[in-house]
Amino acid sequence: MPAYHSSFLDFHDTRTVGNFALLPLKTRFKGPAYPLSNPQDPDIIDECIELFRANCFFRNFEIRGPADRTLIYGILFISDCLQRLSSRTPPTQSEAVKSLNSLALEQFTIPGEPGFPMNGMFAPPAGRSEGELLKGYLGQFRQELAQRLILKGGAPSKWWMSFSKKRFMNKSL
């Protein structure tokens, strides 16, 4: 059974930094992402949440384009979010909001920096300005993804938390 790939691979006018796609987002957070032209259409964050449970079982993932790299980053971030929420006592919704917001805002590495787990699959940004653009986009992406995870599930449920121990591609952000 093959892994599920991004439906945004067909977008030809997508901005890229290195080989990472900067896709439009439906977001309330400030950042460099373009708004989605039709707010009713799903964006890459919706796709990450939808495909997470199916793709988290795969150890290998054939990358078909820049949008797949964005999908991979989103799936790995969802894994980190679920690991942060998995504890001996399940957190309340307000504790989950605080925990995921702090995870989204904490310091993170981008492709090309030491410590980024998939430097072999992601090309580094061409210059400092592209690096800042990617860091801003990923910050906005992480905040929106954490917010939508909470809105989708409310308080952490056993149906999502059962995936907290699964590691997509044996990687972690």
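Provided above is the structure to which this section pertains.
Since we're looking at a predicted model, the values are computed, not measured. Along each chain, numbering runs from 1 in the same order as the chain's sequence is written. pLDDT decides what is reported in this predicted model: residues at 70 or higher carry local features, side-chain atom pairs at 80 or more are listed and counted, and totals for whole chains, interfaces and linings draw on all residues regardless. The side-chain quantities take in all heavy atoms of the structure and omit both hydrogens and water.

Participant: Tell me about the packing of aromatic side chains, and please be specific about residues and values.
Facilitator: Two rings belonging to Phe, Tyr or Trp (six-membered ring only in the last case) form a pair when the distance between their centres is within 6.5 Å. Interplanar angles under 30 degrees mark stacking, angles over 60 mark edge-to-face geometry, and anything in between is tilted. Tallied over the full model, the rule gives five aromatic pairs. Their ring planes at 80° and their centres at 5.5 Å tell us that Phe 116 and Phe 122 sit as a pair that is edge-to-face. Three labels apply to residues, based on accessible area from a 1.4 Å probe with only protein chains included: buried if under 20% of the type maximum, exposed if over 50%, partly exposed otherwise in between. By relative accessible area, Phe 116 is classed as buried at 5%. Three or more aromatic residues link up through ring pairs in this structure, and these residues are Phe 20, Tyr 73, Phe 116, Phe 122, Tyr 137 and Phe 141. Ring-over charges, as used throughout, are those where CZ of Arg or NZ of Lys falls within 6 Å of the ring centre and within 35 degrees of the ring normal. Lying over the aromatic face of Tyr 34, Arg 15 brings its terminal NZ or CZ to 4.2 Å of the ring centre. Over the aromatic face of Phe 108 sits the side chain of Lys 135, whose NZ or CZ is 4.6 Å from the ring centroid.

Participant: An account of the packing of helix α1 (residues 44-55) against helix α2 (residues 66-85) is requested, with residue identities and associated values reported.
Facilitator: Lines are fitted to the C-alpha atoms to define the axes, a helix being fitted only along its stretch in contact, and any angle between axes, read from their N-to-C directions, falls within 0 to 180 degrees. Runs of E in the DSSP output that reach at least two residues are strands. Runs of H or I that reach at least four are helices, and both are numbered from the N terminus. Running from N to C, α1 and α2 cross one another at 70°; their axes reach a closest spacing of 9 Å. Here α1 lies roughly perpendicular to α2, going by the angle between them. As for the relative orientation of α1 and α2, their crossing is right-handed in sense. Between α1, through Ile 44, Glu 47, Cys 48, Ile 49, Leu 51, Phe 52 and Asn 55, and α2, the contact on the second element is made entirely by Ala 67, Thr 70, Leu 71, Gly 74, Ile 75, Ile 78, Ser 79 and Leu 82. Residue polarity is assigned by list, with Asp, Glu, Lys and Arg as charged and Ala, Val, Leu, Ile, Met, Phe, Trp, Tyr, Cys and Pro as nonpolar; anything else, Gly included, falls into the polar class. For the contact of α1 with α2, a count of residues per class yields 10 nonpolar, four polar and one charged. When an angle is under 35 degrees it counts as roughly parallel; over 145 it counts as roughly antiparallel; between 65 and 115 it counts as roughly perpendicular; any other value is oblique. Handedness of a crossing is defined here by the sense of rotation of the near helix relative to the far one, left-handed for an anticlockwise turn of less than a right angle and right-handed for a clockwise turn. Throughout, a contact is declared for two residues whenever any of their heavy atoms are within 4.5 Å.

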